[in-house]
Amino acid sequence: MSETPDELRPLLFSIAYRMLSSVADAEDVVQEAFLRYHRAGAQPESPKAYLSAVVTRLCIDHLRSARVRRETYIGEWLPEPLLTEDTDPAHAVVDSDSLSMAFLLVLERLSPVERAVFLLHDVFGYDFAEVAQMVDRTPDNCRQIGVRARRHVNDQAPRFETSRAERDELARRFLAAFTDGDMDGLIEVLAADVVVQGDSGGHRPSWPNTIAGRENVARLFAGVGNDIRRMGLQIRPTLVNGQPGATVHAPDGGLVNVISVDIAGGMVQTIRSVINPDKLHHLGRLADREALIAQRRSEQGIEAP
């Protein structure tokens, strides 16, 4: 029995989110696809094929225009985080490895059509004849595009070899050391070449450049952890894009930022923090960060600028 349009919503969101790396944009695309479906009049023989094609084409158009806007983005750009521990059924996802921030960043290096062909075929299991209709190419051309995209992804994609149990335990130790401002505890779990990326979109506070190296990262997170504890903020462990992570909340419960952690080879390899409020609105009420910044400056005896 074929699925009804409403039953297809989680699949369509999964495609759109992986294409766009944005929850808000993915929701907009899926909504527009449903509007077009209902305006079409005569219902297509396969709602899945029709809606998947519309979503894919809308995403390709969006990515082409987004590349221009991305060039003016301030600081590091990271995907919009998706909390996957308690996901809205409408946002149900498949294949968590293809959902990780690291994987989405690899996909960013593909052209919009390469990204679509790779995701539709390799992640969502559409055959090349179906993909060809969705991206307006021939099946043979899609096979060539798929080979090229797969080669690039395989060369660049992260390898999460650590077992789930080991990964979760290492994440627990990292977050405990971070919360306690424990420099030695952080040193024990960080890889020698660990890197930190922060996406603030130009908002304060920010880490405008990548921070690298075990000592630098341990010092950074020990200091931030001490600030968090003094200010009464809370670090809540959760799954972010299918990988270990945490949300940071102000004393009133407002969300400050989202942190994701990549673990491989028994060590923390990459830490990503999204604090840009434009990328966090879908997760609930946000904290008054200006008030938090003023509080921190006051506690440190720094006069307001």
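These lines cover the structure that appears in this document, whether it is placed above or below. (Residues numbered from 1 in each chain as written. Predicted model: local features only at pLDDT ≥ 70, side-chain atom pairs only at ≥ 80, totals over all residues. Heavy atoms only, no water.)

### A few points about the sheet that holds strand β3 (residues 234–240)
Hydrogen bonds between backbone groups are what pair the strands of a sheet, and the pairing can be parallel or antiparallel.
Alright, step 1. Judged by pairing direction, the sheet is mixed, and its six strands sit side by side in the order β2-β1-β6-β5-β4-β3 without closing on themselves. Since the sheet does not close on itself, it has two edges, and those belong to β2 (211–212) and β3, each with one partner.
Alright, step 2. In terms of strand pairing, strand β1 (residues 190–199) meets β2 through two bridges, oriented antiparallel. Within the sheet, the bridge partner assigned to Val 196 lies in β2 and is Ile 211.
Alright, step 3. Along the sheet, helix α8 (residues 164–180) contacts β1, β3, β4 (243–249), β5 (255–264) and β6 (267–274); its crossing angle with β3, the most-contacted strand, is approximately 155 degrees.
Alright, step 4. The strands touched by helix α10 (residues 214–230) are β1, β2, β3, β4 and β6; relative to β1, the strand with the most contacts, the crossing angle is about 55 degrees. (Pairing = 2+ DSSP bridges. Helix = DSSP H or I, 4+ residues; strand = E, 2+ residues; numbered from the N terminus. Contact = heavy atoms within 4.5 Å. Axes fitted to C-alpha atoms, helices over the stretch in contact; angles between N-to-C directions.)

### Some words on the nonpolar core
Alright, step 1. Tyr 17, Met 19, Val 55, Leu 107, Val 117, Phe 118 and Val 153 are the most contacted members of the largest nonpolar core, which totals 49 residues.
Alright, step 2. Elements represented by at least two residues in this core include exactly α1 (9–20), α2 (23–39), α3 (47–70), α4 (101–107), α5 (112–123), α6 (128–135) and α7 (139–156).
Alright, step 3. Not counting the four nearest positions on each side in its chain, Tyr 17 is found in contact with Ser 22, Val 23, Ala 26, Glu 80, Pro 81, Leu 82, Leu 99, Leu 104 and Asn 241.
Alright, step 4. Grouped together as the second largest cluster of nonpolar side chains are 33 residues, Phe 174, Leu 186, Val 194 and Ile 275 included. (Core = buried A, V, L, I, M, F, W, Y, C linked by side-chain atoms within 4.5 Å. Buried < 20%, exposed > 50% of the residue type's maximum accessible area, 1.4 Å probe, protein only.)

### Some details on the pattern of salt bridges
Alright, step 1. Under the definition given, this model contains 14 salt bridges.
Alright, step 2. For Asp 252, the salt bridge is made with Arg 285, and the minimal N-O distance between the two is 3.4 Å. A residue pair is termed long-range when its members are at least 10 positions apart, and Asp 252 in the loop between β4 and β5 and Arg 285 in the loop between β6 and α11 (289–299) qualify at 33 residues. Arg 285 shares its class with Asp 252; the two are exposed.
Alright, step 3. Put simply, Asp 262 and Arg 272 hold a salt bridge, and the shortest N to O gap is 2.7 Å. Here Arg 272 lies in strand β6 and Asp 262 lies in strand β5, a separation of 10 residues in the sequence.
Alright, step 4. Classification of Asp 262 as buried rests on a relative accessible area of 6%.
Alright, step 5. For Arg 272, a relative accessible area of 7% corresponds to the buried category.
Alright, step 6. Here the salt bridges do not stand alone but share partners, grouping Glu 32, Arg 36 and Arg 39 into one network. (Salt bridge = Lys/Arg side-chain N within 4 Å of Asp/Glu carboxyl O.)

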